[in-house]
Amino acid sequence: MNAEQAGRRVEQVLDRLAATGDESARAGAEELVRVLMDFYGASLARIVRLLDAPGADSRLSVLLEDELVSSLLLLHDLHPENAGTRIARALDAAGDHVWEVVGFDDTSGTLRLRSAGSGGCGCAATSAAALQAVENALTCFAPEVTAVEVETGAAAGEPALLQIGTPPTSRNGSGPAGGKAR
């Protein structure tokens, strides 16, 4: 079970309670969920502090690589990594396709990517599968990413395609357009 599945399950149970019309039972269930979330959140906060304390080894980084643990820390706003680091972690976890991050708008939640290569055949089906893998990984590691846009075209710094040929001639055929024949 992942965080998204657990969230859906909690919502289903609360919806079923709401459908019974017993407002007291529904309110009690919501309060129970809040109390448990607060308890687990406080416990996780202590675990993160202990693992991130000076002198502690890299146990915290091992936990952050686990999708379930990472999503639980995010749910409680305890994840020690910033969005950029978690986005990079998601791209690494998504497979062989190489993506370049063009930008992330934290206001809209839009991540802009450019394909920088692939371990696949380069066909549309491979690209679609690679993008789906990225979106799935982002759900776990960086849920603040709500939309992914893929930019096409040459990457920044790559030279533009230049066509080499003879320059167009002027109307009278005497030389380059807009210039005089010499």
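The following paragraphs examine the structure supplied in this document. From a predicted model like this one, the values you see are computed outputs, not experimental measurements.

Okay, unusual backbone geometry next. Non-glycine residue Asp77 carries a positive phi angle of around 55 degrees. For Asp77, the position within the fold is in the loop between α4 (67-75) and α5 (83-93). For Asp77, a relative accessible area of 71% translates into the label exposed.

Further remarks concern the pattern of salt bridges. Under the criterion given, the structure shown has seven salt bridges. Glu23 is the salt-bridge partner of Arg26, the closest N and O atoms lying 3.1 Å from each other. A residue pair is termed a helical-turn pair when its members lie 3 or 4 positions apart in one helix, as Arg26 and Glu23 do in helix α2 (residues 23-51) at three residues. Glu151 serves as the salt-bridge partner of Arg114, at 3.3 Å between the closest nitrogen and oxygen. Of this pair, Arg114 sits in strand β2 (residues 110-117) while Glu151 sits in strand β3 (residues 147-151); the two residues are 37 residues apart in sequence, bridging distant segments of the chain. The buried category is assigned to Arg114, whose relative accessible area is 10%. The partly exposed category is assigned to Glu151, whose relative accessible area is 28%.

A word on the side chain of Glu81. Mapped onto the elements, Glu81 comes out in the loop between α4 and α5. Setting aside anything within four residues of it in sequence, one finds Glu81 in contact with Leu64, Arg86 and Arg89.

Reading guide: rules and limits
- Residues numbered from 1 in each chain as written.
- Predicted model: local features only at pLDDT ≥ 70, side-chain atom pairs only at ≥ 80, totals over all residues.
- Heavy atoms only, no water.
- Helix = DSSP H or I, 4+ residues; strand = E, 2+ residues; numbered from the N terminus.
- Buried < 20%, exposed > 50% of the residue type's maximum accessible area, 1.4 Å probe, protein only.
- Salt bridge = Lys/Arg side-chain N within 4 Å of Asp/Glu carboxyl O.
- Contact = heavy atoms within 4.5 Å.

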